[in-house]
Amino acid sequence: MFALFENPRLRGGIHAEEHKSETSPLSIVTDFPIPKKLYIPVQQHVGKPAEPVVKVGEKVLKGQLLAYSQGTISAPVHAPTSGIIADVKDFPAPHPSALPIRTVVIESDGKEQWAELIVPADPFQLEPEEICQRVGAAGVVGLGGAVFPSAVKLSLGRKNKIHTLLINAGECEPYLTCDDRLMQERAEQIVAGIRLMLRGMDAPTAMVGIEDNKPEAFAAMQTAARDFPNIVVAQVPTRYPMGWDRQMLRYLTGQEIPADGRATDIGVVVHNVATAFAVYQSICLGQPLISRVVTVSGAAVAKPRNVEVPIGTLMSEVLAFCGLEKSKMARLVMGGPMMGDALPIAEVPVVKACNGILALSHADIDEPAIQPCIRCSSCVTACPVGLLPLEMASRIKANQLDSAVDLGLKDCISCGSCSYVCPSNIPLVHYFKFASGELVKRQQAEHKAEQTKRLVEDRNNRMERARLEAEAEALRAQEARAARLAAAQQAQAAPAEETV
């Protein structure tokens, strides 16, 4: 019955238990000590990995290019400090698999000596194309987690005649407060970044969506944007996953992104609030993206806080700085507890996509016993996409993946809302992730089978062409022999006729 009084622009979602109070009142720590070694992966974005341009033993300055972008969907990486290139090698990635990825290793010299920075006289008079070029050269990517190259989105926005830039400042994950603190402390710079993004896209208006559990950030952003009527700062309800771009967009604009479409289809481009700050740094200060603010929290952390960390710092060093109690840590998570990645080791680098490092205790991850489904439909009510999680899970358990796809499996965003509200403690989202992985394996197998079939067909075609060519060659040789024989016979017959 209460659903009748819900805002029609809201769909599903949950009120997850928050743990933001441990870090939201504390200022960002900006004096993190520079590590002796930094490990900078060349793949920190969607698209092709960057190609290293430095060699072992080479001296580099802070902000210097380490690897250039390859193609349109790619982003360069830069040196977070000055020092010597110690190695270019494979190193464990911040991923649940911890598989190695190509990484540039810098041995810091402790001098923090900057490379030459190019700063325009008036950043707001730059042409849109130059803004996009500078953002791309600075290696700015989406810092909300998608890590899509920001320059590409700015260019697409201009080509698609975007009318609204939506700045996502929801930050709905229970522990994370890095965006909250960024808005409280650097609101003017964020607004400057938003203005530059508007100019880069040639768009008229911007909207900033902030959850109503961040009153200080909301007030700071309103104050910073008061002289710019084309930038609207709005509050949205605190409900996970409000940080999902489609949920935020639907609430603020009342528009719905098509199921197989993008925000640009309805004239909107979505960027994270931390991305706007990175755009400000890249244009107004000439600085590439070489550091980011990270929330470090969890029951196993003695001093939870938000820390500005150089890209490439090992997570183990960040945790040590915040007083990690190793005996309490049961799980290490990069990102938030709902959609973050559990990591097997802490000796992996902080990357552009890392907005949180959580050291959770056994109590935090205690998983009650799974009970039979009682068909209460709580998961259906909670799903922000409007799916039927219980039906999808039953199809997956019966190995009917195609049926699960028909019910919308590919539209699932793996937010975990369904698992959170399930009174039977069924790990529904685990089923969906498993099924998605199985579908990928099936597609890969089908692709491999098609490739094998094509290769066999190509081989058979080659063999058939070779056989036909051999037969034709044999026929030509036979005809040539017959012609030579006939010519010889004619030559023998000719003297006999002359004698007669």
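### Points about the overall build of the protein chain
Next up, step 1: The secondary structure content of the protein chain amounts to 12 helices and 16 strands.
Next up, step 2: The globule rule puts the C-alpha radius of gyration for 500 residues at 23 Å, and the 30 Å found for the protein chain is more than 25% above it.
Next up, step 3: Dimensions of the protein chain along its principal axes, counting C-alpha atoms only, are 125 × 65 × 50 Å.
Next up, step 4: In the protein chain, which comprises 500 residues, the proportion classed as buried is 48%.
Next up, step 5: Contacts in the protein chain between residues far apart in sequence, at least 24 positions, make up 73% of those at least 6 positions apart.
Next up, step 6: Counting only carbon and sulfur atoms, one obtains 53% of the accessible surface of the protein chain, whose full area is about 24,400 Å².
Next up, step 7: On the protein chain, the mean spot of the 51 positive side-chain charges and the mean spot of the 56 negative ones are 2 Å from each other.

### Comments concerning the sheet that holds strand 16 (residues 356-360)
Next up, step 1: With respect to topology, five strands assemble into an open sheet ordered 13-12-16-14-15, the strand pairing being mixed. Strands at the two margins of the open sheet, each flanked by one partner only, are strand 13 (305-310) and strand 15 (341-343). Along the sheet, successive strands turn relative to each other by an average axial angle of 30°, direction set aside.
Next up, step 2: Across the sheet, helix 3 (residues 178-201) touches strand 12 (291-297) and strand 13, and the angle it forms with strand 12 is around 125°.

### Concerning the packing of helix 3 against helix 6 (residues 273-285)
Next up, step 1: It is at 7 Å that the axes of helix 3 and helix 6 come closest, and there the two elements cross at 60°. Relative to helix 6, the element helix 3 is oriented oblique. Where helix 3 crosses over helix 6, the handedness of that crossing is left-handed. Side by side, helix 3 and helix 6 meet where Asp179, Leu182, Met183, Arg186, Gln189, Ile190, Ala192, Gly193, Ile194, Leu196 and Met197 of the first sit next to Val273, Ala274, Ala276, Phe277, Val279, Tyr280, Ile283 and Cys284 of the second.
Next up, step 2: Class assignment of the residues belonging to the contact of helix 3 with helix 6 gives a composition of 15 nonpolar, two polar and two charged.

### Focus on the pattern of salt bridges
Next up, step 1: Applying the stated criterion across every chain yields a total of 18 salt bridges.
Next up, step 2: Linking glutamate 308 and arginine 186 is a salt bridge whose minimum nitrogen-to-oxygen distance equals 2.9 Å. Remark: arginine 186 occurs in helix 3 and glutamate 308 occurs in strand 13; sequence separation between them is 122 residues.
Next up, step 3: Members of the salt-bridge network, linked through shared partners, are Arg11, Arg250 and Glu256.

### Digging into the packing of aromatic side chains
Next up, step 1: A full pass over the atoms with the stated rule returns three aromatic pairs.
Next up, step 2: Taking the centre distance of 5.0 Å and the plane angle of 70° together, the rings of phenylalanine 32 and phenylalanine 321 count as edge-to-face. Of this pair, phenylalanine 32 sits in the segment before strand 1 (37-41) while phenylalanine 321 is found in helix 7 (residues 315-321), placing the two residues 289 residues apart along the sequence.
Next up, step 3: Residue classification places phenylalanine 321 among the partly exposed residues on the basis of a relative accessible area of 26%.
Next up, step 4: We note arginine 195 situated over the ring of phenylalanine 124; from NZ or CZ to the ring centre the distance is 3.9 Å.

### Structural notes on helix 3
Next up, step 1: Here helix 3 is 24 residues long, yet its end C-alpha atoms lie only 26 Å apart, well below the 34 Å a rise of 1.5 Å per residue gives.
Next up, step 2: Where helix 3 bends most, at arginine 186, the angle is about 95°.
Next up, step 3: Across the 24 residues that make up helix 3, a large majority, 18, are buried.
Next up, step 4: Aspartate 202 lies just past helix 3 and shows a positive phi near 60°.

### Structural notes on the sheet that holds strand 2 (residues 51-52)
Next up, step 1: Reading across the sheet, the three strands line up as 2-4-5 and stay open at both edges, with antiparallel pairing between neighbours. Each edge of the sheet is formed by a strand with only one pairing partner; in this case those strands are strand 2 and strand 5 (77-78).
Next up, step 2: In terms of strand pairing, strand 2 meets strand 4 (residues 65-68) through two bridges, oriented antiparallel. Looking across to strand 4, one finds that glutamate 51 is bridged to tyrosine 68.

### As for helix 1 (residues 128-137)
Next up, step 1: Along helix 1, the positions that sit buried rather than exposed are Pro128, Ile131, Cys132, Arg134 and Val135. For helix 1, the buried positions fall inside an angular range of 165° around the axis, keeping them on one side.
Next up, step 2: Contact partners of the buried residues in helix 1: helix 2 (150-159), helix 3 and helix 6.
Next up, step 3: In the segment just after helix 1, glycine 139 is the residue with positive phi, at about 75°.

### What to know about the side chain of glutamate 308
Next up, step 1: According to the relative accessible area criterion, glutamate 308 is buried, its value standing at 18%.
Next up, step 2: A polar side-chain atom of glutamate 308 sits 2.9 Å from a polar atom in the side chain of arginine 186.

### Description of a nonpolar patch on the surface
Next up, step 1: Judged by side-chain polarity, Val53, Leu65 and Tyr68 come together as a nonpolar surface patch covering roughly 240 Å² of accessible area.
Next up, step 2: By relative accessible area, which is 39% here, valine 53 ends up partly exposed.

### Notes on the environment of glutamine 43
Next up, step 1: With respect to the secondary-structure elements, glutamine 43 resides in the loop between strand 1 and strand 2.
Next up, step 2: Since its relative accessible area comes to 25%, glutamine 43 is described here as partly exposed.
Next up, step 3: Taking the C-alpha atoms as reference points, glutamine 43 and valine 348, 305 residues apart in sequence, are found 14 Å from one another.
Next up, step 4: The residues touching glutamine 43, leaving out its near neighbours within four places in the chain, are Lys48, Pro49 and Ile101.
Next up, step 5: One polar contact links the side chain of glutamine 43 to the main-chain carbonyl oxygen of glycine 47, over a distance of 3.1 Å.

Rules and cut-offs
The residue numbering used here restarts from 1 in each chain and proceeds along that chain's sequence as written. Thresholds applied to this predicted model are a pLDDT of at least 70 for local features of residues and 80 or more for the giving and counting of side-chain atom pairs; totals over whole chains, interfaces and linings are not thresholded and use all residues. The side-chain figures draw on all heavy atoms in the structure; neither hydrogens nor water molecules are used. In DSSP terms, a helix is any run of H or I states spanning at least four residues, a strand is any run of E spanning at least two, and both are numbered starting from the N terminus. Just to be clear, the radius of gyration here is over C-alpha atoms, and the globule rule we use is 2.2 Å times residues to the power 0.38. Accessible area is worked out with a 1.4 Å probe on protein chains only. A residue is then buried under 20% of its type maximum, exposed over 50%, and partly exposed in between. Throughout, a residue-residue contact means that at least one pair of heavy atoms, one from each residue, lies within 4.5 Å. In short, Shrake-Rupley with a 1.4 Å probe defines the accessible areas, and a residue's cover is counted only from the protein chains shown. Neither His nor the chain termini are counted; the positive set is Lys and Arg, and the negative set is Asp and Glu. We put the charge of a Lys on NZ, of an Arg on CZ, of an Asp on CG and of a Glu on CD. The pairing criterion is simple: DSSP has to find at least two bridges between the two strands. The angle between two axes is taken between their N-to-C directions and runs from 0 to 180 degrees, where each axis is a line fitted to C-alpha atoms and a helix contributes only its stretch in contact. Any angle that is under 35 degrees is reported as roughly parallel, and any over 145 degrees as roughly antiparallel; angles of 65 to 115 degrees are reported as roughly perpendicular and all others as oblique. In this scheme the handedness of a crossing depends on how the near helix is turned from the far one: anticlockwise by less than a right angle means left-handed, clockwise means right-handed. Residue type decides the class: Asp, Glu, Lys and Arg count as charged, Ala, Val, Leu, Ile, Met, Phe, Trp, Tyr, Cys and Pro as nonpolar, and the leftover types, Gly among them, as polar. Take a side-chain nitrogen of Lys or Arg and a carboxyl oxygen of Asp or Glu: if they are within 4 Å of each other, that pair is a salt bridge. Any pair of Phe, Tyr and Trp rings, taking the six-membered ring for Trp, is counted once the centres come within 6.5 Å. Such a pair is stacked with planes under 30 degrees apart, edge-to-face with planes over 60 apart, and tilted for the rest. Sitting over a ring, as applied to charges here, requires NZ of Lys or CZ of Arg to be within 6 Å of the ring centre and within 35 degrees of the ring normal. Take the residue count of a helix, subtract one, and multiply by 1.5 Å to get its expected span. Two axes define the bend at a residue: one fitted to the seven residues ending there, one fitted to the seven starting there, and the bend is the angle between them. The arc in question is the one traced by the directions running from the helix axis out to the C-beta atoms. Two N or O atoms form a polar contact when they lie within 3.5 Å of each other; inside protein one atom must be a possible hydrogen donor and the other a possible acceptor, and for residues adjacent in sequence the pair counts only when both atoms belong to side chains. Patch criteria: residues need more than 30% relative accessible area and no salt bridge. Like-charged residues are merged within 9 Å; nonpolar side chains of Val, Leu, Ile, Met, Phe, Trp and Tyr are merged within 5 Å.

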